[in-house]
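Geometric and topological summary
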Amino acid sequence: ANLVTLFGVTPAARLDPVADQLKRVVDEKQLGKRVIDTNHHLYYHGPYVPGVIEEDIRIRRPSDYVAGAKSVIVLGMHYPDELVRNAGLEKSQQVGCYNFHQYQTTFELRFAALELAVRLHRMGYASMIVENLLGVGSYTDSPRGALPDMRCNALEAVAAGLGEIGASGALLTAEHGPRQRVICLVTDAALDADAPRPPTDVCAGCTACSDACPMSAISGKHATLDIGGVAVRYPLIPRFRCDWSKRYSLNGAEGPALIGNNTRVDVPAGDITFEQLTRACAAKDPIMKCRTCILESCLRHCPAGSRQG
């Protein structure tokens, strides 16, 4: 119902040790840092004047959202294969339709989760809708504002038996490869749970995402997480290097150039600091700074789950 194509449940307790493991390999200080445009009087057009805010984003457990949390429901909705295949082609230069579908998918998932939360409430259970439960996801730029990226709730979906983690950090499912988004509902209802699927090594021998990444952010560095007894290879993607292109639209090759965005910033070598990212935002196209589209190269070129192959 509600256009949902993926459904899974994990016990809340299965995610608690995952949070502990992530704290050992992820720099929590980076999670809440965000660059904003402080040029409020010229928000849609005019120079981008970078400012920095700190949001309360950190690695969390289900019980941080709902006291006595017992279950986490994971809902997913896929993107049509042809939408991704046709996006970014040299002949069509099409990217807007993909961005709109990404936006609409995000909101359809919210609607579906809200309906489920209302039903749980009527049954006497507490629940909370969460788009980035563990806190390690980020956002993707769009003309309609920031949208949860493909890593948001990916590990949570693995815990709920929906798929595995790919080399790009995205959730890969047998049905749709990386072409879906997911949302979580934390509840104190005790529900029948799904078991995590054993990894299939779907990425073995494949370098499509790392070859396509315009930021060279997919290096192969990883940590191994234990999720419900299953060893999960978790890529350690440099956050600010990836956000440079997909969250802040500073690399035209990730989609902005397809809509005539004239932002041109040299990509630093090595580790990108938040200070470098902040300074780079001052070079945003003053006309197109709030009208940009992102087409994640790693998602676009990933062959997993494609009905073509």
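Data block above holds the structure.
Fair warning: this is a prediction, and the values are worked out from it, not measured in the lab.

Section: the layout of surface pockets
Roughly 590 Å³ of volume is contained in the largest pocket. At the level of elements, strand S12 (230-235) and helix H6 (239-246) are the ones that each hand at least two residues to the lining of the largest pocket. Per-element tally for the lining of the largest pocket: the top contributor is H6, with 6 residues. Looking at side-chain class alone, the lining of the largest pocket contains 13 nonpolar, 5 polar and 9 charged residues.

Overview of the state of the cysteines
Following the criterion strictly, the structure yields 0 disulfides and no others. Free of any disulfide, Cys 242 has its nearest cysteine sulfur in Cys 298, 6.6 Å distant.

Here's the deal with empty space enclosed by the protein
Empty space among the atoms becomes visible once a probe the size of a water molecule is rolled across them. On inspection of all chains with the given rule, the structure shows 4 cavities of 30 Å³ or more. Of the pockets and cavities examined, the largest cavity occupies roughly 100 Å³. Lining the largest cavity are 14 residues, with Arg 151, Cys 213, Cys 242, Glu 254 and Cys 298 positioned closest to its centre. Among the elements that take part in the lining of the largest cavity, H6 stands out by supplying 3 residues, more than any other. In terms of residue class, the lining of the largest cavity is built from 9 nonpolar, 1 polar and 4 charged. The computed volume of the second largest cavity comes to approximately 60 Å³.

Observations concerning helix H7 (residues 274-281)
Three or more residues of H7 are buried, namely Phe 274, Leu 277, Thr 278, Ala 280 and Cys 281. Down the axis, H7 shows its buried residues gathered within 165° of arc, on one side only. On its buried face, H7 sits against strand S2 (33-37), strand S3 (50-54) and H6.

Some words on the nonpolar core
One finds Leu 22, Val 72, Val 74, Leu 133, Leu 155, Val 186 and Ile 227 to be the most contacted residues of the largest nonpolar core, which totals 36 residues. Put simply, the parts of the chain that give this core at least two residues each are helix H1 (12-25), strand S4 (71-78), helix H4 (154-159), strand S10 (180-187), strand S11 (222-227) and S12. Among residues more than four places away in sequence, those in contact with Val 74 are Leu 6, Phe 7, Gly 8, Glu 156, Ala 157, Ala 160, Leu 162, Val 182, Ile 183 and Cys 184. Membership of the second largest hydrophobic core comes to 30 residues, among which are Ile 218, Ile 272, Leu 295 and Cys 298.

Conventions adopted
Here, residues in each chain are numbered from 1, in the same order as that chain's written sequence. Where totals are concerned, whole chains, interfaces and linings use all residues; where local detail is concerned, this predicted model gives features only for residues with pLDDT of at least 70, and gives and counts side-chain atom pairs only at 80 or more. The side-chain figures draw on all heavy atoms in the structure; neither hydrogens nor water molecules are used. Both site types are read off a 1 Å grid over the protein atoms alone. A 1.4 Å probe that fits but cannot get out defines a cavity, while an open set with protein on both sides within 12 Å along at least five of seven lines defines a pocket; lining residues have an atom within 4 Å of a point. Grid points are joined across faces, edges and corners, and a volume is the space filled by probe spheres set on the points. The way it works is that DSSP assigns letters per residue, a run of H or I at least four long becomes a helix, a run of E at least two long becomes a strand, and they are numbered from the N terminus. Only Asp, Glu, Lys and Arg are considered charged in this grouping, and only Ala, Val, Leu, Ile, Met, Phe, Trp, Tyr, Cys and Pro are considered nonpolar; every other residue, Gly among them, is considered polar. Pairs of cysteine sulfur atoms within 2.5 Å are identified as disulfides in what follows. Working definition: with a 1.4 Å probe on protein chains only, accessible area under 20% of the residue-type maximum means buried, over 50% means exposed, and in between means partly exposed. As used here, the arc belongs to the directions running from the helix axis to the C-beta atoms. Contacts are residue-level and defined by heavy atoms, with any inter-residue pair within 4.5 Å sufficient. Nonpolar cores were defined as sets of buried Ala, Val, Leu, Ile, Met, Phe, Trp, Tyr and Cys residues, with membership established by side-chain atoms within 4.5 Å.

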